[in-house]
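Summary of structural features
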Amino acid sequence: MAAPMSADRFIDALRNEGLTIVEVGAWRTHNRNHKGPWGPVHGVMVHHTVTRGTAYTVQLCRDGHAALPGPLCHGVITKDGRVHLVGYGRANHAGSGDRDVLAAVIAERRLPPDNERDTDGNRHFYGFECENLGDGRDPWPAVQLDAMARAAAAVCRVHGWTERSVIGHLEWQPGKPDPRGFTMNWFRTRVAAHLN
């Protein structure tokens, strides 16, 4: 069981991993904590945004929309590899997912199929939204993929987690396709390379 790190520790961890950080407004206190607790945290969740354009993507992830208020993640990783911090605390990114998947993340073992929506993921995961149309054709620049792996590794390093604590939204919630364009097993090997 892990308490979320402080916002200052979070940004330091990302910078220590060699990432370029953009602080967006009062990100440290922008959250959905009034809707429920944040923590204990058990892992990192990776998403694609289904958007194009840095300014629009960052604004959407910070503010959300009428049906889903922001923040929609903790950090937005844009095509140029920068990490835009838009919120800290409970964020509307994971939604309800499978408790068996959460148990596997906690145990850092192979993930079972996600076939239930019975557990609050917003409470338990750090979330990174990654700028991509999610159509399987929009490219993932090398600098962006590297930043994504470094960001996940930064969080894992602080908590003493392995790459097995990093999952995609598609592994958590039935029907979710993200991230599309690479496999999560491939991505986890990149996270492991940074951790080792």
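For the structure given in this document, a descriptive report is provided here. Bear in mind the structure is a predicted one, so any value in this text is a computation, not a measurement.

Topic: the overall build of the protein
Along the backbone of the protein there are 5 helices and 10 strands. For 196 residues, the compact-globule estimate of 2.2 N^0.38 gives 16 Å, and the protein sits close to it at 15 Å. Taking the principal axes of the C-alpha coordinates as reference, the protein spans close to 35 × 35 × 30 Å. Counting all 196 residues of the protein, 54% fall into the buried class. Within the protein, counting contacts between residues at least 6 apart in sequence, those at least 24 apart form 72% of the total. When the accessible surface of the protein is totalled, it reaches about 8,400 Å², and 49% of it is carbon and sulfur.

Let's talk about the pattern of salt bridges
Evaluated as defined, the whole model comprises 12 salt bridges. Across the pair R82 and D80 runs a salt bridge, and its minimum N-O distance is 2.7 Å. Ionic contacts of the salt-bridge type, sharing partners, join the residues D8, R15, E23 and R28 into one network.

Here we look at the pairing of strand β2 (residues 43-48)
With 6 of its 6 residues buried, β2 lies for the most part within the structure. Burial along β2 is two-sided: G43, M45 and H47 facing one way and V44, V46 and H48 facing the other are all buried. Pairing between β2 and strand β9 (residues 125-130): 6 bridges, direction parallel. Bridge pairing links G43 to F125 in β9.

Overview of helix α4 (residues 142-159)
Counted at 1.5 Å a residue, the expected span for α4 with its 18 residues is 26 Å, and the 26 Å between its end C-alpha atoms agrees. The set of residues buried in α4 consists of Q144, L145, A147, M148, A149, A151, A152, A153, A154, V155, C156 and H159. Buried residues along α4 sit in contact with α1 (7-16), β2, β5 (75-77), β9, β10 (166-168) and α5 (184-195). Remark: G160 follows α4 within two positions and exhibits a positive phi of approximately 75 degrees.

Some words on the packing of aromatic side chains
Summed over the entire model, instances satisfying the criterion amount to 12 aromatic pairs. An angle of 55 degrees between the planes, with centres 6.4 Å apart, marks the rings of F10 and W27 as tilted. A residue pair is termed long-range when its members are at least 10 positions apart, and F10 in helix α1 and W27 in the loop between β1 (21-23) and β2 qualify at 17 residues. A ring pair is formed by F182 and F187, whose centres lie 5.7 Å apart and whose planes are at 35 degrees; its orientation type is tilted. A network of ring pairs unites the aromatic residues F10, W27, W38, Y88, Y126, F128 and W161 as a single cluster.

Comments concerning the pairing of β9
Burial within β9 is extensive, with 6 of its 6 residues counted as buried. The alternating pattern of β9 places F125, G127 and E129 on one face and Y126, F128 and C130 on the opposite face, and all of these are buried. Across 3 bridges, the pairing between β5 and β9 is parallel. In the sheet register, V76 faces β9, and the bridge partner there is E129.

A short note on the nonpolar core
Grouped together as the largest cluster of nonpolar side chains are 38 residues, with contacts concentrated most on F10, L14, Y126, F128, M148, V166 and F187. When contributions to this core are tallied by element, the ones reaching two or more residues are α1, β2, β6 (83-85), β9, α4 and α5. Element by element, the count of residues in this core is highest for α4, at 10 residues. Excluding residues within four positions of it along the chain, F187 makes contact with V46, L145, M148, A149, A152, V166 and F182. In terms of nonpolar packing, the next biggest core, distinct from the first, is built from 8 residues, A94, L102, I167 and W172 among them.

Details of unusual backbone geometry
Omega for the bond connecting G70 with P71 falls within 30 degrees of zero, at 5 degrees, which places this linkage in the cis form. Following the sequence through the fold, P71 ends up in the loop between β4 (68-69) and β5. The omega torsion of the bond from D178 to P179 falls at 0 degrees, within 30 degrees of zero and hence cis. Along the chain, the position of P179 falls in the loop between β10 and α5. You will see that V50, though not glycine, has its phi angle at about 60 degrees, which is positive. Topologically, V50 is positioned in the loop between β2 and α2 (54-63). Judged by its relative accessible area of 54%, V50 falls in the exposed class. The backbone of E108 shows a phi angle near 55 degrees, a positive value even though the residue is not glycine. Residue position: E108 is located in the loop between α3 (99-107) and β8 (119-120). Look at E108 and you get partly exposed, because its relative accessible area is 24%.

Parameters at a glance
Residues numbered from 1 in each chain as written. Predicted model: local features only at pLDDT ≥ 70, side-chain atom pairs only at ≥ 80, totals over all residues. Heavy atoms only, no water. Helix = DSSP H or I, 4+ residues; strand = E, 2+ residues; numbered from the N terminus. Rg over C-alpha atoms; globule rule 2.2 N^0.38 Å. Buried < 20%, exposed > 50% of the residue type's maximum accessible area, 1.4 Å probe, protein only. Contact = heavy atoms within 4.5 Å. Areas by Shrake-Rupley, 256 points an atom, 1.4 Å probe, with all protein chains shown as cover. Salt bridge = Lys/Arg side-chain N within 4 Å of Asp/Glu carboxyl O. Pairing = 2+ DSSP bridges. Expected span 1.5 Å × (residues − 1). Phe/Tyr/Trp six-rings, centres within 6.5 Å; stacked < 30°, edge-to-face > 60°. Core = buried A, V, L, I, M, F, W, Y, C linked by side-chain atoms within 4.5 Å.

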